[in-house]
Amino acid sequence: MPDDNRYSVLFESVKIGPVTAPNRFYQVPHCDGMGYVRPRAEAAMRGIKAEGGWGVVSNQETEIHPTSDLSPFAEGRLWDARDIPGLRLMTDAVHEHGSLAAVELVHNGNHSQNLLSRAPMLAPGEMSVDGSLPKQARTMDKQDLRNLRRWHRDAAIRARDAGFDVIYVYAGHNMTVAQHFMLPHMNDRSDEYGGSLENRVRLTRELLEDTREAVGDTCAVAFRFAVDEMLGRDGMQAAEEGRAVVELLAELPDLWDVNVCEWANDSMTTRFQPQDGYQNDYISFVKQVTTKPVVAVGRLTSPDMMVSMVNKGIVDFIGAARPSIADPFLPKKIEEGRIEEIRECIGCNICVSADSQQVPIRCTQNPTMGEEWRRGWHPEKILPKKSEAEVLIVGAGPAGLECAMQMARRGYEVTLAEAGAEVGGRVIAESAMPGLGAWKRVVDYRMNDLQQRANARLFMESALTAEDVLELDIPNVFVATGTHWRKDGIGRATQRSAPEIDGSVPVFSAGDIMAGQGPDAGPVLIYDDDHGYIAGVLAEKLAEAGQQVIFATPETMVSHFTHLTLEQHRVQARLIELGVDIRLTHVFGGIQSGQATLNCAYTGRTTQVEIASAVLITQRVRETALYDALKGKGLTTLELIGDAANPGFIADAVYAGHMAARNFERHPAEVDAEWFRREITALTDEG
Ligand code: ADP
Ligand code: SF4
């Protein structure tokens, strides 16, 4: 690191109990959809974080016992010694780069549903299980509490034997029994574990003491604690009981990992919390109460903010989950003064959605995330070019930009042609919508990189025809021409019978609204059979502009997909607050004489709604005309990529662009045969 690096404070080593972190970059525990199901993939991903300079690399919540069974989710698992080798892969991968490995032990109480183990669910008192399963957890008696302490202690010893340096006690996200005991609405006990705060904290105190006694000579004991539930007086608040808990336990752990809960508050999207460092107001008191090091999060990507947080005494460690996912090499880039090269998290929570869908983590900004082991992808390294071949990429949306950037990194001569006056494609349109401004980082990062490469040329306002392409005489062509939104109302629910639209009111597509066209008059019907974020965002935009909006969808909630990005409740609340008239479980039936027909999704019963305009958001149409016209024209390579090949998320488009660049000039048979590595369960005699 250069001596004058103004970020040098971030690279000081920090002692955590008996171990020492090489710097202040701390990847806090985060789920990754790999866990015990895909231990090699998990190990490789965490190893890359260590290689990228994270001084502490944590795994994810790690079940200590079958009564805390999060199946079918692929979290960490340490039920018994057979789980050690899988975790050892990770600790070895992290240690290889001189970083510390941390494990987040957990008992999830009534948050686990024990679907695999069929064990009883446990809680401080009688209560329903978390979620919508019609089952209950039972009150833990004294024997259960003794068992829990033993399970936790044994798991801590197994964690140490797996090579972990930092071992967590976890009371956060409203997902763990230690926290459940602290919260008055979950703990109505009349014994020494209920009542006063001191009693409600007793279990956590015992777990911390047990862990220290079991492994504290060699491992640091970390405590992850949610200081505020963000419910005001209806929940635990940092200013009151949150602080009191820190006071009660101040010197007991070797490290405080503090945040807010629930998960949707901790991992806020930029749509609902644009401010990086948004947790500082809640957690800044902690360092005044304890002498132990403190780590905190809040989508921290700005090195200046990191330095100021350390210098102001708010934290000792810069905590990150999402910023480390978007850029595993963030610390190294700061260390080497390559600040402009940081791939900043856009706060979209596509990473979160993957975990919730029980598949390996993915990231909009970092297409290599989750592919470190199965495809061998590295976020900063790519094979150099195999020849002097030239490459033309048509369309500078996320797919075209990523493809062009990676091709240029490989060393090929790259020409990128864009029809519009601006690069970015759908990202430019979508990032101009309410709350999505940070998404433009997808374009900024790639443009910054491309502009520095002498082997990349960009042509704007160049809507290429097949003749133009052939005239350029570049034999390798990647077509990333994207999609446009259809506006005929045809989608999932109307596939069998196309809605009849008589032209009595103007009808717009999502693209029209994003381009600033119409509607001039309301009431405007927004019909959503896409279920992503777009329809909700457009409803918000139009309602904010003063339009009377009717939002209809066949789904049971607004913007259904957004529950996977932890936003759905906020999306729906915002539309309600904006006065949007929400009609759930209704299928669009057509428009006749200024009346829209909405059919009940269950009974087919029809409702007529008077409207002055409509925005029909159902599906997109792939732009394949150029690709089709180039087929059979003798090009060496002709590939359709991104949304034009498969409409999906921005993350999918970036991924497709990345994949195309990686696979260029590889033999098709090799690419085909490879597909990706899988972790297949090995059958042993033991079973
Ligand atoms: P993706 O998500 O796959 O990257 P987008 O829809 O975001 O797709 O971007 C596609 C881009 O391609 C848009 O910016 C569009 O202007 C551009 N484009 C479409 N057709 C052509 C063409 N014939 N020549 C040049 N650019 C094109
Ligand atoms: Fe950030 Fe989105 Fe990547 Fe998650 S998926 S790390 S929120 S950019």
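What you are looking at is a predicted structure, and each value in this text was computed from that prediction instead of being measured.

Overview of the sheet that holds strand 26 (residues 595–600)
For step 1, the next point in the chain: The mixed open sheet is built from four strands, whose spatial order is 20-25-26-27. Taken across any chain shown, the strands that pair with only one partner, and hence form the sheet edges, are strand 20 (500–501) and strand 27 (606–610).
For step 2, the next point in the chain: As paired strands, strand 26 and strand 27 are joined by five bridges and run antiparallel to one another. Looking at the pairing, Q595 lines up with E610 of strand 27.

Describing helix 3 (residues 142–161)
For step 1, the next point in the chain: The end-to-end C-alpha distance of helix 3, which contains 20 residues, comes to 29 Å, matching closely the 28 Å that a straight helix rising 1.5 Å per residue would cover.
For step 2, the next point in the chain: Within the span of helix 3, buried status applies to D144, L145, N147, L148, W151, H152, A155, A156, R158 and A159.
For step 3, the next point in the chain: Regarding helix 3, its N-cap is D141, as a side-chain oxygen of that residue lies 3.1 Å from the backbone nitrogen of Q143 further along.
For step 4, the next point in the chain: Count one or two residues on from helix 3 and you reach G163, which has phi positive near 100 degrees.

So, the packing of helix 15 (residues 398–410) against helix 23 (residues 650–663)
For step 1, the next point in the chain: It is the contact of helix 15 with helix 23, at a shortest axis distance of 7 Å, that shows an interaxial angle of 30 degrees. The angle between the axes of helix 15 and helix 23 places the two elements in the roughly parallel class. The chirality of how helix 15 crosses helix 23 is right-handed. Across the interface between the two elements, P398, A399, E402, C403, Q406, M407 and R410 from helix 15 touch I650, A653, V654, G657, H658, A660, A661 and R662 from helix 23.
For step 2, the next point in the chain: For the contact of helix 15 with helix 23, a count of residues per class yields nine nonpolar, three polar and three charged.

As for the domain arrangement of the protein
For step 1, the next point in the chain: Taken domain by domain, the protein comprises domain 1 (8–356), domain 2 (390–482 + 623–673) and domain 3 (485–621).
For step 2, the next point in the chain: In this structure, domain 1 and domain 3 have C-alpha centres spaced 40 Å apart.
For step 3, the next point in the chain: Of the residues lining the interface, 15 residues belong to domain 1; the matching set on domain 3 comes to 13 residues.
For step 4, the next point in the chain: When the two sides are added together, the surface that domain 1 and domain 3 hide from each other amounts to roughly 1200 Å², 60% of it contributed by carbon and sulfur.
For step 5, the next point in the chain: Per-residue buried area on domain 1 facing domain 3 is highest for A264, R271 and F272; these three make up 54% of the total on that side.
For step 6, the next point in the chain: Run the count over domain 1 and domain 3 and you get one salt bridge.
For step 7, the next point in the chain: Its salt-bridge partner being R271, residue E540 comes within 3.4 Å of it at the nearest N-O pair.
For step 8, the next point in the chain: Run the count over domain 1 and domain 3 and you get six residue pairs in polar contact (both at pLDDT 80 or more).
For step 9, the next point in the chain: Elements represented by at least two residues in the side of domain 1 that touches domain 3 include exactly helix 8 (263–266) and helix 14 (350–356).

As for the nonpolar core
For step 1, the next point in the chain: Judged by nonpolar contacts, the single largest core of 82 residues is most densely connected at L10 and F225.
For step 2, the next point in the chain: Ranked by residues supplied to this core, first place goes to helix 3 with six residues.
For step 3, the next point in the chain: In contact with F225, not counting residues within four places along its chain, are A171, M182, M236, G242, V245, V246, W256, D257, V258 and N259.
For step 4, the next point in the chain: Counting 64 residues, the second-largest nonpolar core is a separate cluster that includes V391, L450, L538 and A661.

Observations concerning the sheet that holds strand 24 (residues 581–583)
For step 1, the next point in the chain: Spatial ordering of the open sheet is given by 21-28-22-23-24, a layout of five strands whose pairing is parallel. Two strands bound the open sheet, and with one partner strand each, they are strand 21 (507–508) and strand 24.
For step 2, the next point in the chain: Bridge count between strand 23 (residues 549–552) and strand 24: three bridges; the pairing is parallel. Looking across to strand 24, one finds that A552 is bridged to R583.

Some details on the packing of aromatic side chains
For step 1, the next point in the chain: A full pass over the atoms with the stated rule returns 14 aromatic pairs.
For step 2, the next point in the chain: Seen from their ring centres, Y26 and F317 are 5.4 Å apart, and the 65 degrees between their planes marks the pair as edge-to-face. A residue pair is termed long-range when its members are at least 10 positions apart, and Y26 in strand 3 (residues 25–27) and F317 in strand 14 (residues 317–320) qualify at 291 residues.
For step 3, the next point in the chain: Given a relative accessible area of 0%, Y26 falls into the buried group.
For step 4, the next point in the chain: By relative accessible area, F317 is classed as buried at 0%.
For step 5, the next point in the chain: Pairwise contacts between aromatic rings join F11, F25 and W54 into one cluster.
For step 6, the next point in the chain: Lying across the ring of W485, R620 places its NZ or CZ 5.4 Å from the centre.

Reading the values: rules and limits
Residues numbered from 1 in each chain as written. Chains lettered and ligands numbered in written order. Predicted model: local features only at pLDDT ≥ 70, side-chain atom pairs only at ≥ 80, totals over all residues. Heavy atoms only, no water. Pairing = 2+ DSSP bridges. Helix = DSSP H or I, 4+ residues; strand = E, 2+ residues; numbered from the N terminus. Expected span 1.5 Å × (residues − 1). Buried < 20%, exposed > 50% of the residue type's maximum accessible area, 1.4 Å probe, protein only. Polar contact = N/O pair within 3.5 Å; in protein donor to acceptor, adjacent residues only side chain to side chain. Axes fitted to C-alpha atoms, helices over the stretch in contact; angles between N-to-C directions. Parallel < 35°, antiparallel > 145°, perpendicular 65-115°, else oblique. Left-handed = near helix turned anticlockwise from the far one by under 90°. Contact = heavy atoms within 4.5 Å. Nonpolar A, V, L, I, M, F, W, Y, C, P; charged D, E, K, R; others polar. Domains from an automatic or database assignment. Buried area = accessible area lost by both parts, 1.4 Å probe. Salt bridge = Lys/Arg side-chain N within 4 Å of Asp/Glu carboxyl O. Core = buried A, V, L, I, M, F, W, Y, C linked by side-chain atoms within 4.5 Å. Phe/Tyr/Trp six-rings, centres within 6.5 Å; stacked < 30°, edge-to-face > 60°. Lys NZ or Arg CZ within 6 Å of the ring centre and 35° of its normal.

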